[in-house]
Amino acid sequence: MKHLYIVFGVVIFAFTTIYFSGKHTVVLASDHEVVVANDKNARHSHIETGHNFFIDGLHTRQSRRAFFSAPPVIPHTIGKTDKECLSCHQEKRIFRGVESTLTPHPEFKNCMQCHVKGVAPDYIPSANYGVNSSFIGLDKQEKVSRAHHLAPPVIPHRLFLHKQCSSCHSKRHDHESGISGPHNKRKNCMQCHVLADIKLDF
Amino acid sequence: MFDMHRRAFIKRTAQLSALAAITSNGAKNVIADSESVTDGLSWQKAPCRFCGTGCGVMVGTKNGKVVAVQGDKENAVNRGLLCVKGYHAGSILYGNDRLVSPQIRKNGKLVNVSWDEAIDLIAKTVMKKPDTFSIYGSGQWTIPEGYTAMKFIKGGMSNNHIDPNARLCMASAVVGFITTFGVDEPSGCYDDLDSCDTVITWGNNWAEMHPILYSRYMNRRNSGEKITLIDMATRRTRSTVEADHYLEFVPQTDLAIANCICYQLIANGTYDKGFVEKNTRFKSNEGKDLSIEEYLEFLKAYTPEAVAKYSGVSVEQLIMLGNLFGNKQRKVVSLWCMGMNQHTRGTWINNLVYNIHLLAGKIGKPGSTPFSLTGQPSACGTCREVGTLAHALPGGRVVKNATHRKQVEDVWNCVPGAISAKPGFHTVRMFEGLASGEITSMWVQVTNPAHTMPNLHKNLKNAKERFVIVSDVYPTKTTEIASVVLPSALWVEKNGVVGNSERRTQQWFKMVDPPGQARDDVWQMLAVAHRMFELGYEGLKDRDGRFLLTVHDDNGKEIEAWKWEVFSNNNVDKQLFNEYRDLTFLKHKDLAPYDQYVQAHGMRWPVTQQGTRWVETPRRFVEGEDPFVAQGKGVSFYMAKAGDEKALIWARPYQAPPEVPDKQYDFWLCTGRVVEHWHSGTMTRRVKELNRAMPSAYIEIHPEDAQRLRISNGQRVKVTSRRGTITLPASINGRAVPQKGLVFVPFFDEGKLINHVTLDAYCPMSKEPDYKKCAVKLEALI
């Protein structure tokens with residue numbers, strides 16, 4: 001009997017995730033504004049794949065940030081406390097075959113100070129809560145430069161809060177591959193990559 | 001596979017570079033010197049637009065638009081970190097419904113008009129009845145904005161009807177400081193959070209409301225330090241999660257709990273005898289001198305056993321608090337904000353917490369201080385220091401004092417006697433006056449009273465029939481009642497100077513142009529004042545018959561600042577700030593010249609010149625830190641009213657609140673904020689990331705109460721008081737859980753105005769209303 005319940009639970013869970021992962025799409029609007037549609041109930045909806053997952057990855061990244069280097073919104077259901085965030089984002093966990101994103105700033109633990117959910121809390125009735133804004137956030141691409149086509153690219157962002165390069169620059173899972181490097185096993189990143197501009201380190 | 005990625009990447013980069021090249025041709029000049037410019041992207045410092053913490057941000061602008069915001073590592077407040085509102089502060093400028101044209105209400109509808117027409121109408125209408133004109137301002141006014149408004153109405157119109165929304169926010173803290181220490185504003189600073197071992201919060205959810213300070217303290221635990229957090233509150237919040245002790249008290253009994261700690265310190269003999277004898281005196285509630293024995297006699301009603309009976313806090317917890325403050329080794333910071341200030345006995349509870357710290361000798365030492373937090377970016381800098389209050393004048397002066405009036409008249413070059421000795425209306429009184437017709441016109445700047453006043457049905461009654469001028473950046477509840485709407489420049493669209501909770505003054509330069517015809521609030525007031533001067537209004541002439549609000553350029557030459565082209569090409573802020581600075585020395589709130597703040601990432605006053613350097617003061621009243629404390633004094637409360645350098649310990653009793661739950665209205669209602677939104681949401685609700693995460697107000701209900709009333713999570717609930725009713729979705733076991741018998745509603749949502757329900761009873765000393773306590777009933781809707 002007990003086993004039956006477990007099997008039943010797993011089947012329901014699988015159906016739910018398949019159903020909602022299908023509904024979760026990333027739409028690129030004409031004004032560079034990327035919106036995440038229909039992800040109200042998506043659990044770990046960041047685990048999606050696309051035909052060209054390189055560009056999709058960048059779009060997904062962008063869709064979760066107001067601008068390059070803004071704190072990303074939380075794309076999945078969450079618990080009530082920061083401890084629950086850190087149980088996956090501080091130490092590597094594998095969920096549905098995909099590694100969790102490790103925080104690039106483990107020294108800070110009040111996660112929800114900077115990161116808010118990408119959807120409303122469950123007790124607020126769903127409605128169109130759209131915001132009409134013409135804000136266009138900084139796009140990261142413009143500052144990726146290198147001395148010549150074989151030279152290591154410079155770092156286009158500040159290092160504060162971004163000291164653990166591998167948090168973002170790894171082939172951890174497909175959609176983030178847009179910013180992963182060709183040599184993820186090397187760890188001493190700043191041996192070859194330097195800040196684009198010392199003034200970035202404000 | 002990898003090759004394909006690489007090609008796509010290069011292609012996309014090329015496309016974007018081309019785009020950048022096109023748009024950068026049309027780039028506008030950024031007015032200020034840039035600290036860093038790369039690829040057309042410029043970064044400059046500014047203080048965050050939102051709360052009173054006063055974090056430093058770096059604003060990234062490109063092609064005349066704000067495109068990114070990062071924390072300023074050089075700023076000692078936040079050291080590079082921000083909260084979610086701060087990161088998204090750039091988006092607040094770009095809501096599609098920004099007000100971009102002056103508007104006048106004609107036949108019930110707001111119609112776009114020219115600036116000249118709007119200014120002419122305002123000047124002529126105000127001039128007709130100058131004595132019943134009022135200004136309702138804000139703790140978000142910059143220092144030059146508040147100073148201009150003050151000079152215009154108090155100096156130019158001999159009218160003291162000016163009060164800020166800080167009355168709803170900080171007034172109890174102000175009166176608390178003045179009654180205890182003789183002078184306003186905290187003596188401690190944020191550095192104390194780095195060296196204390198215990199923080200006790202009094203009704204303050206700082207993990208959401210002052211998250212930078214919360215993280216600053218709690219990160220010490222993350223790095224292995226042993227620190228204690230005690231959360232005294234009426235509901236479990238994010239600030240409770242990491243707390244070592246959670247003390248849940250019945251609303252209003254904070255008065256009794258504070259007295260209970262004082263009782264234990266004296267009865268147990270654990271108070272700091274040397275400190276108390278040297279630095280304090282005892283006063284009865286009526287102001288008579290008391291001996292320590294008489295004071296102890298008063299405190300005998302507040303034994304732990306007696307207080308436990310009605311406070312909800314156990315005897316053990318109360319003794320724990322008594323022992324904590326009695327322990328000479330402990331370094332304790334008390335923190336509070338609206339929980340103590342928005343209180344019908346707000347002044348008393350502020351006094352009481354000072355009593356505890358004075359008795360325990362936990363003040364004026366690194367890591368030990370009572371610290372009153374502020375909610376607005378310049379509640380301190382503008383409302384409290386410039387003094388944009390009905391009874392005040394700049395630099396801690398008051399209108400009742402003839403010497404103070406003369407000092408200000410001399411700096412302003414007013415006709416002698418121009419400033420009236422009669423205090424104007426405080427906020428609630430001002431709105432009662434607006435309802436009754438005692439106030440016929442009102443200019444509202446940088447605030448939204450039709451959303452944030454308590455008991456809105458009563459306080460905004462008839463407002464539509466009066467002449468209300470509203471300067472704002474978006475349509476709000478208040479523009480709905482306005483006769484004239486003026487579009488304002490916002491944050492980095494103008495120059496500014498503000499002052500935060502820890503006496504830190506911060507300056508920024510304009511970085512982008514305001515949209516459409518939006519213009520600075522300072523300019524708006526200068527333009528109206530000048531129009532009145534042109535029309536022959538006597539009060540706006542100075543002693544020499546010139547325009548009272550004349551502004552000069554750097555070389556001392558008069559400029560026609562009331563003309564927008566002239567104003568926008570000059571740094572009028574600098575002139576106004578340096579003029580105001582002359583008025584800051586009386587109460588030792590000394591500020592440095594404007595240019596010093598351009599260099600610094602904020603400086604805490606008093607700032608004094610020592611040799612060629614301008615030196616800030618981390619802790620006031622402390623020898624070696626505060627230049628006004630003489631050598632050998634240790635701690636000196638040198639602004640004490642009696643001139644004896646002693647702070648006053650007041651015997652303030654417990655007093656029940658004016659409205660308590662009864663059979664008919666059986667719940668307490670408490671209101672407040674959430675991390676995503678700031679105040680009435682005018683700005684944060686235009687930010688996609690913030691509004692999406694919290695798009696609607698809700699009502700928090702204790703799970704057992706919800707079960708009893710058969711209310712489920714998300715169900716619609718009607719909340720009703722004797723004053724009004726609204727309907728909200730229920731949150732049960734959401735991000736916070738109130739005590740049994742109490743409900744909580746955030747006030748940011750203009751679609752669900754909880755202020756139709758709140759009570760407008762206020763502290764009789766500070767006149768600050770209590771938004772935290774009134775009686776309501778609930779009804780579950782299907």
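Conventions we followed
Residues numbered from 1 in each chain as written. Chains lettered and ligands numbered in written order. Predicted model: local features only at pLDDT ≥ 70, side-chain atom pairs only at ≥ 80, totals over all residues. Helix = DSSP H or I, 4+ residues; strand = E, 2+ residues; numbered from the N terminus. Rg over C-alpha atoms; globule rule 2.2 N^0.38 Å. Buried ≥ 20, exposed ≤ 12 C-beta atoms within 10 Å, placed from the backbone. Contact = placed C-beta atoms within 7 Å. Pairing = 2+ DSSP bridges. Axes fitted to C-alpha atoms, helices over the stretch in contact; angles between N-to-C directions. Domains from an automatic or database assignment. Nonpolar A, V, L, I, M, F, W, Y, C, P; charged D, E, K, R; others polar. pLDDT = per-residue confidence, 0-100. Parallel < 35°, antiparallel > 145°, perpendicular 65-115°, else oblique. Left-handed = near helix turned anticlockwise from the far one by under 90°.

Novice: Help me understand the overall build of chain B, please; the structure alone is not making it clear to me.
Specialist: Scanning chain B from N- to C-terminus turns up 28 helices and 36 strands. Here the C-alpha radius of gyration of chain B, 26 Å, is about what a compact globule of 782 residues would show, namely 28 Å. Within chain B, the fraction of its 782 residues that count as buried is 61%. Restricting the contact set of chain B to residue pairs at least 6 apart, pairs at least 24 apart contribute 71%.

Novice: How do you make sense of the overall build of chain A when you look at a structure like this?
Specialist: Secondary structure assignment for chain A yields three helices and four strands. Across chain A, helices and strands are ordered from the amino to the carboxyl terminus as α-β-β-α-α-β-β. The buried share of chain A, taken over its 202 residues, is 24%. Long-range contacts, defined as pairs at least 24 residues apart, comprise 67% of the intrachain contacts of chain A with a sequence gap of at least 6.

Novice: Is there a simple way to think about the sheet that holds strand β8 (residues 162-164) of chain B in this case?
Specialist: Pairing between the strands of a sheet comes from backbone hydrogen bonds, and it takes one of two forms, parallel or antiparallel. All names here are of chain B. The strand order across the open sheet formed by seven strands is β6-β5-β21-β20-β19-β7-β8, and the pairing between neighbours is mixed. Where the open sheet ends on each side, the last strands, each with one partner, are β6 (109-112) and β8. Across the sheet, the mean angle separating the axes of adjacent strands is 20° when strand polarity is ignored.

Novice: Any chance you could explain the domain arrangement of chain B here in plain terms?
Specialist: For interface size, the figure often reported is the accessible area lost on association. Residues and elements named next belong to chain B. Under the domain assignment, chain B is made up of domain 1 (26-94), domain 2 (103-169 + 378-591), domain 3 (176-372) and domain 4 (667-780). Spacing between the C-alpha centres of domain 2 and domain 3 amounts to 37 Å. Taken together, the contact between domain 2 and domain 3 spans eight residues of the former and eight residues of the latter. Across the side of domain 2 that touches domain 3, the residue classes break down as two nonpolar, two polar and four charged.

Novice: Can you help me understand the confidence of the model for chain A in this one?
Specialist: Residues shown with low pLDDT carry predicted positions that ought not to be read at fine detail. Across chain A, the average pLDDT comes to 70, with 62% of residues at 70 or higher. Long-range and interchain partners of residues 14-53 of chain A, a stretch whose pLDDT sits below 50, account for 60 contacts in this model, where long-range means more than four residues apart.

Novice: I would appreciate a short explanation of the interface of chain A and chain B in the present structure.
Specialist: Counting residues at the interface gives 52 residues for chain A and 63 residues for chain B. Split into classes, the residues belonging to the side of chain A that touches chain B amount to 28 nonpolar, 13 polar and 11 charged.

Novice: Help me understand the sheet that holds strand β13 (residues 280-283) of chain B in this model?
Specialist: All names here are of chain B. Strand order in the open sheet made by the three strands is β14-β13-β29, with mixed pairing throughout. The open sheet has two free edges, formed respectively by β14 (289-290) and β29 (647-650), since each of these has just one partner strand. Pairing between β13 and β14: two bridges, direction antiparallel. Residue pairing for β14: Phe282 is matched across the bridge by Leu290.

Novice: Looking at this structure, I do not really get the packing of helix α5 (residues 171-181) of chain B against helix α16 (residues 346-359) of chain B. What am I missing?
Specialist: Packed helices, taken two at a time, are described by the angle between their axes plus the distance between the axes. All names here are of chain B. α16 packs onto α5 with a crossing angle of 50° between their chain directions and a minimal axis gap of 8 Å. One way to sum up the angle between α5 and α16 is to call them oblique. The element α5 and its partner α16 pack so that their crossing is right-handed. In contact with Ser172, Ala173, Val175, Gly176, Thr179 and Thr180 of α5, α16 contributes Gly346, Thr347, Asn350, Asn351 and Tyr354. The class makeup of the residues in the contact of α5 with α16 is three nonpolar, eight polar and no charged.

Novice: Please explain the pairing of strand β10 (residues 228-233) of chain B as it appears in this structure.
Specialist: Regular strands have side chains that alternate between both faces of the sheet. Residues and elements named next belong to chain B. Extensive coverage of β10 is indicated by the burial of five of its six residues. Here five bridges tie strand β9 (residues 198-202) to β10, and the two strands are oriented parallel to one another. Its bridge partner lying in β10, Val199 is registered against Leu229. Note: β10 against strand β12 (residues 245-248), four bridges, orientation parallel. By the bridge assignment, Ala233 is partnered in β12 with Glu248.

Novice: Hey, could you run me through the confidence of the model for chain B in this one?
Specialist: Residue and element names in this part refer to chain B. Per-residue pLDDT for chain B averages 94, and the proportion of residues at 70 or more is 95%. Overall, residues 1-36 carries pLDDT values under 50, and its contacts beyond four positions in sequence, including any with other chains, amount to 44 contacts. Listed scores for the predicted complex are pTM 0.89 and ipTM 0.84.

Novice: So what exactly am I meant to see when it comes to the pairing of strand β4 (residues 65-71) of chain B here?
Specialist: Residue and element names in this part refer to chain B. For β4, the tally of buried residues reaches seven of seven residues, placing the bulk of the element in the interior. Bridge analysis of strand β3 (residues 56-62) against β4 gives six bridges, and the strand direction is antiparallel. Bridged to Thr61 within β4 is Val66. From the end of β3 to the start of β4, which pair antiparallel, there are two residues, and Asn63 there has a positive phi angle of about 50°.

Novice: Help me understand the environment of Ser215 of chain B in this model?
Specialist: With respect to the helices and strands, Ser215 of chain B occurs in helix α8 (residues 211-222). Put simply, Ser215 of chain B and Leu81 of chain B are 134 residues apart on the chain and 9.1 Å apart in space, counted from C-alpha to C-alpha. Here Ser215 of chain B is in contact with Phe108, Asn110 and Gln113 of chain A together with Leu81 of chain B, once residues within four sequence places are set aside.

Novice: Can you walk me through unusual backbone geometry in this structure?
Specialist: Most peptide bonds are trans, and most residues other than glycine sit at a negative phi. All names here are of chain B. Between Trp605 and Pro606 the backbone carries a cis peptide bond, its omega angle lying at -5°. If you trace the backbone, Pro606 turns up in the loop between β26 (603-604) and β27 (608-610). You will see that His588, though not glycine, has its phi angle at about 55°, which is positive. Tracing the sequence through the fold places His588 in the loop between α25 (572-581) and α26 (594-599). Residue class for His588 comes out buried when judged on the 20 C-beta atoms lying within 10 Å of it. Unusually for a residue other than glycine, Phe621 sits at a positive phi of about 70°. Looking at where Phe621 falls in the secondary structure, it is placed in the loop between β28 (613-615) and β29.

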